[in-house]
Amino acid sequence: MDILVVILFLLCLYGIRLSYKGHSDYLGRSQTDSVKGIFAIIILFSHMRGYLPPPSGNYDVAYYGMLDCLGQLMVVMFLFYSGYGIMEALRRDIRRYSDNFLTHRLLKVWLMFAIAVSLYLLLNIVLQRDYGLKTVLMSYMGWESIGNSNWFVFDIMVLYLFTYMSLKISAYAGLNLKSVALIVALLSLALCLMFIRMGKGAWWYDTVLAYPIGMYYSLYKDKIERIVSGHRWYLAVTIVVLVFTLFYMRDTLVFATIGNKVVAGYMSFTAFLLTSGIFALLLVLLSMKIKIDNKILRWLGVNAFAIYILQRLAMIAAAHMGWNRNSLVFAAIVIPVTLLVSAVFTAATGKINRALFH
């Protein structure tokens, strides 16, 4: 499987451009689509792992090492870019965007998700896999799963709902967009605490704060760019790398040396929630000087949602046929099938969305 990591690395190098002066469009559509394309493939690699036999010996060190190091961070940029993009749209035309937010954002995502879940339901019928009526119904909200990935879509739909609520509250109280971002951030933190109290796995909440951080970046983008301009960019990257390392290694000696265990615990938990946001800021800083943009990555980024939500279809079917005994054979089947199905899905749902949400 290490060959997949090498191919992805070479794909990232294709068309890469470095600039000492920086790229003004580092958060432009082509750049963000390319970055999303990279992480869409990494997520696909990660999910394939769950259908393969446990690794043995020194094989596939790069493959498993990359996935272990990234962990949940592989979904961070999707949340960050979403929060950033929404705030950018609100800054351009808050009234028009607010009026259409529920239909053009929340309902559109749910409809695409519901279509995908229906495909999993059909596959389960063919494979005679019974999840029960309650699980099937709850899977359409993202709370349960019938084989599909679900937690990310559930989180993003809740975050969109929080955004809509914040817009209405701010409009009623005469508040500005900074207040919208603050309300979303507080509600996001409350969501994290609710998941913890309910005993949900950490993956349900450990990247959620990247969304409001993306909103704040949009609001303070000009100031941030002035602060990190010129040689100060190197200092900023150094500081962010150090902070990220500290937060990422929160359970090591750094927090253990704090005498008060309660204080250490709160600091560790805070670092845990903020790690994803710091990681996003680090990648944004790097993208100021490094332009990753090619047609393949952009295509993957455009189809990222379909790749994410549909990839387990091929994995479930291939595993059912016993084709997961050899990891490379499994990958050779799953990856092209997923990309093909995703392309068809994106094109079909795009037509549906244009018809319903024009």
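Now for a description of the structure that goes with this document. (Residues numbered from 1 in each chain as written. Predicted model: local features only at pLDDT ≥ 70, side-chain atom pairs only at ≥ 80, totals over all residues. Heavy atoms only, no water.)

Before going further, it helps to spend a moment on the environment of Ala306. Along the chain, Ala306 falls in helix H16 (residues 304–320). Placed 168 residues apart in sequence, Ala306 and Met138 show a C-alpha to C-alpha distance of 20 Å. Apart from the residues lying within four places of it in its own chain, the contact partners of Ala306 are Gln311, Ser342, Phe345 and Thr346. (Helix = DSSP H or I, 4+ residues; strand = E, 2+ residues; numbered from the N terminus. Contact = heavy atoms within 4.5 Å.)

The interhelical angle for the contact between helix H9 (residues 177–198) and helix H10 (residues 210–219), taken along N-to-C directions, is 165 degrees, at an axis separation of 9 Å. Classified by the angle their axes make, H9 and H10 are roughly antiparallel. For the pair H9 and H10, the crossing hand works out as left-handed. Each of Leu177, Lys178, Val180, Ala181, Leu182, Val184, Ala185 and Ser188 in H9 lies in contact with H10, whose residues at this interface are Tyr211, Pro212, Met215, Tyr216 and Leu219. Of the residues belonging to the contact of H9 with H10, the class tally is eleven nonpolar, one polar and one charged. (Axes fitted to C-alpha atoms, helices over the stretch in contact; angles between N-to-C directions. Parallel < 35°, antiparallel > 145°, perpendicular 65-115°, else oblique. Left-handed = near helix turned anticlockwise from the far one by under 90°. Nonpolar A, V, L, I, M, F, W, Y, C, P; charged D, E, K, R; others polar.)

The biggest cluster of nonpolar side chains holds 118 residues, and the ones touching the most others in it are Ile42, Phe45, Met48, Tyr63, Met77 and Tyr211. If we ignore the near neighbours within four places in the chain, the residues touching Ile42 are Leu8, Met66, Leu67, Leu70 and Met74. (Core = buried A, V, L, I, M, F, W, Y, C linked by side-chain atoms within 4.5 Å. Buried < 20%, exposed > 50% of the residue type's maximum accessible area, 1.4 Å probe, protein only.)

To continue, consider the pattern of salt bridges. This structure, assessed with the given rule, holds six salt bridges. Taking the shortest distance from any N to any O, the salt bridge between Asp33 and Arg29 comes out at 3.1 Å. Here Arg29 and Asp33 lie together in helix H2 (residues 29–49), a separation of four residues that amounts to about one turn. On the accessibility criterion, Asp33 (5% relative accessible area) is buried. Since its relative accessible area comes to 62%, Arg29 is described here as exposed. The shortest N-O distance in the salt bridge between Arg91 and Glu88 comes to 3.3 Å. Residue Arg91 and its partner Glu88 are located together in helix H4 (residues 76–92), separated by three residues, close to a single helical turn. Each member of the salt-bridge network shares a partner with another, and the members are Arg29, Asp33 and Lys36. (Salt bridge = Lys/Arg side-chain N within 4 Å of Asp/Glu carboxyl O.)

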